[in-house]
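Structural overview for review
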Amino acid sequence: MEKGSGSGGTPFFENLGTFFRKCIFSVLSVGPIPNHIAFIMDGNRRYAKKRNLVEGAGHRAGFLALMSMLRYSYELGVKYVTIYAFSIENFKRRPEEVQSVMDLMIEKIEQLLKEESILNHYGIRVHFIGNLKLLSAPARLAAERAMLVTACNSKAVLSICVAYTSTNEIMHAVEESCVEKWGEIRELNARGVECGLTELEGYEKDGARHLINLTDIAKHLYMAVAPDPDIMIRTSGETRLSNFLLWQSQYCYLDSPSVLWPDIGFWHLVWAIMKFQRNHFYLEKKKKQL
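Considering the sheet that holds strand 6 (residues 253–255)
- Overall, parallel pairing links the six strands, which are arranged 3-4-2-1-5-6 in an open sheet. Edge positions in the sheet fall to strand 3 (124–129) and strand 6, since each of these pairs with one other strand and no more. With strand direction ignored, the average angle separating the axes of adjacent strands in the sheet is 20 degrees.
- Where strand 2 (residues 80–87) and strand 4 (residues 156–164) come together, seven bridges link them in parallel fashion. When the bridges of strand 4 are listed, Tyr84 appears paired with Cys161.

Have a look at this one:
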């Protein structure tokens, strides 16, 4: 009897909640809506420790919070969401903890790929961002499968940064740019065209003439799949970027709610967007000064 009553009430309250969010979002939509929101999901371990939960319980609670943030963001009309899931630095943690996170990632990827998941509901394409060679083979295969399965989705984009740091991303982009540029020079030389050599000699004589520019590097960044973020939200009250999207966050609004990631809720997102809207004119003015 109780089970029947619960199941009957849940859809009602879910529909009521959806209607309430639509009302709030319609008010927010009067102002500028961010195209890209990035999340640094800080506080999962502290959440578990604070509640005397078993290891890994904080990350599981954090996954539920992530699903809520994705739903709210896409309901609002945000097209791009990026999350900092696992840093390269995190591999320095205890092997048991790293393996637990990898296992959880595989489990949740499989859950996300189910037909009724949020990915299919909102038409979300998934990108895994970072040095994926550092992942365990099963985790890497799961990530590659998720990208393949969602490749045709075009309504929204979710970028999941794993085995990622911004310095590694920039270093990788510089290396790829050098390889590409030297390839172009070799091709010109092979064809007997002297202009490639002229450019190289000019660079040696005049350091102001660059063979590689910022555009070359930017197109080889892992995050070239998305525009720069408009808002970056880091929970637990920290204001550090922790080597996350350093290249892309020059004109990004940073919000640092004191709540731990598993406790983040609807109103935290609403408040972050309201503060972004209040600072939007200033941020846009700074962008135009480039």
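Some points on the confidence of the model for the protein
- Residue-level pLDDT values for the protein average 88, and 89% of them are 70 or greater.
- Across the protein, the element-wise mean pLDDT spans from 48 in helix 8 (residues 195–205) up to 98 in strand 1 (residues 36–40).
- When the criterion is pLDDT under 50, residues 1–8 qualifies, and its contacts beyond four places in sequence or with other chains add up to zero contacts.
- In the model, residues 196–208 has pLDDT below 50 throughout and makes 10 contacts with residues more than four positions away in sequence or in other chains.

A word on the packing of aromatic side chains
- By the definition in use, this model includes 11 aromatic pairs.
- Judged by centre distance (5.8 Å) and plane angle (90 degrees), the ring pair of Tyr84 and Tyr164 falls under edge-to-face. With Tyr84 in strand 2 and Tyr164 in strand 4, the pair connects residues that are 80 residues apart, well separated along the chain. There is no split in this pair, since Tyr84 and Tyr164 are both buried.

Focus: the environment of Pro32
- Along the polypeptide, Pro32 turns up in the loop between helix 1 (2–28) and strand 1.
- Taking the C-alpha atoms as reference, Pro32 lies 8.5 Å from Phe276; in sequence the two are 244 residues apart.

Things to note about the pairing of strand 3
- Strand 3 sits mainly inside the fold: five of its six residues count as buried.
- Where strand 3 meets strand 4, six bridges bridge the pair, whose relative direction is parallel. Bridge assignment links Ile124 to a residue of strand 4, and that residue is Ala156.

Points about unusual backbone geometry
- The phi dihedral of Asn52 is positive, around 55 degrees, even though this residue is not glycine.
- Mapped onto the fold, Asn52 is located in the loop between helix 2 (44–50) and helix 3 (57–76).
- Notably, Ser236 is not glycine yet its phi reads approximately 75 degrees, a positive angle.
- If you trace the backbone, Ser236 turns up in the loop between strand 5 (231–234) and strand 6.
- Taking relative accessible area as the criterion, Ser236 reaches 13% and is therefore assigned buried.

Calculation criteria
- Residues numbered from 1 in each chain as written.
- Predicted model: local features only at pLDDT ≥ 70, side-chain atom pairs only at ≥ 80, totals over all residues.
- Heavy atoms only, no water.
- Pairing = 2+ DSSP bridges.
- Helix = DSSP H or I, 4+ residues; strand = E, 2+ residues; numbered from the N terminus.
- Axes fitted to C-alpha atoms, helices over the stretch in contact; angles between N-to-C directions.
- pLDDT = per-residue confidence, 0-100.
- Contact = heavy atoms within 4.5 Å.
- Phe/Tyr/Trp six-rings, centres within 6.5 Å; stacked < 30°, edge-to-face > 60°.
- Buried < 20%, exposed > 50% of the residue type's maximum accessible area, 1.4 Å probe, protein only.

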